[in-house]
Amino acid sequence: MTMSGNDKEHNDLERLLADVQRTIRENDQFIRHLKEESSESDHPAESEEEPESESDEYEEL
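None of the values given here were measured: they were computed from a predicted structure.

Evaluation of the coordinates by the stated rule reveals four salt bridges. Residues Asp12 and Lys8 are paired through a salt bridge, measuring 3.2 Å at the closest nitrogen-oxygen approach. Of this pair, Asp12 and Lys8 are both found in helix H1 (residues 2-47), four residues apart, which corresponds to roughly one turn of the helix.

What follows is about the confidence of the model for the chain. With 64% of its residues at a pLDDT of 70 or more, the chain shows a mean pLDDT of 79. For the stretch residues 45-49, pLDDT sits under 50, and the model shows zero contacts to residues farther than four places along the chain or on other chains.

Quick notes on the rules
- Residues numbered from 1 in each chain as written.
- Predicted model: local features only at pLDDT ≥ 70, side-chain atom pairs only at ≥ 80, totals over all residues.
- Heavy atoms only, no water.
- Salt bridge = Lys/Arg side-chain N within 4 Å of Asp/Glu carboxyl O.
- Helix = DSSP H or I, 4+ residues; strand = E, 2+ residues; numbered from the N terminus.
- pLDDT = per-residue confidence, 0-100.
- Contact = heavy atoms within 4.5 Å.

Rendered as C-alpha cells:
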C-alpha cells in the first residue's frame, strides 16, 4: 500500500511540474508579447511630440 501512496504522490508531483512548466511557457509568451507591443508603441511615441507643442501654445496665450 505504501507503493500506491508513493505512486499517487509521484503522479501529483508530475502534474505539478507540468503545470509549472506550462505557466513558465505562458509567462514567457506573455512577456514576449508585451515587449513587441512596447517596441511598436515606441515608434508612435515620436508623433506624440505634437501635444508638447500644444502646451507651448497654451503658454503663449
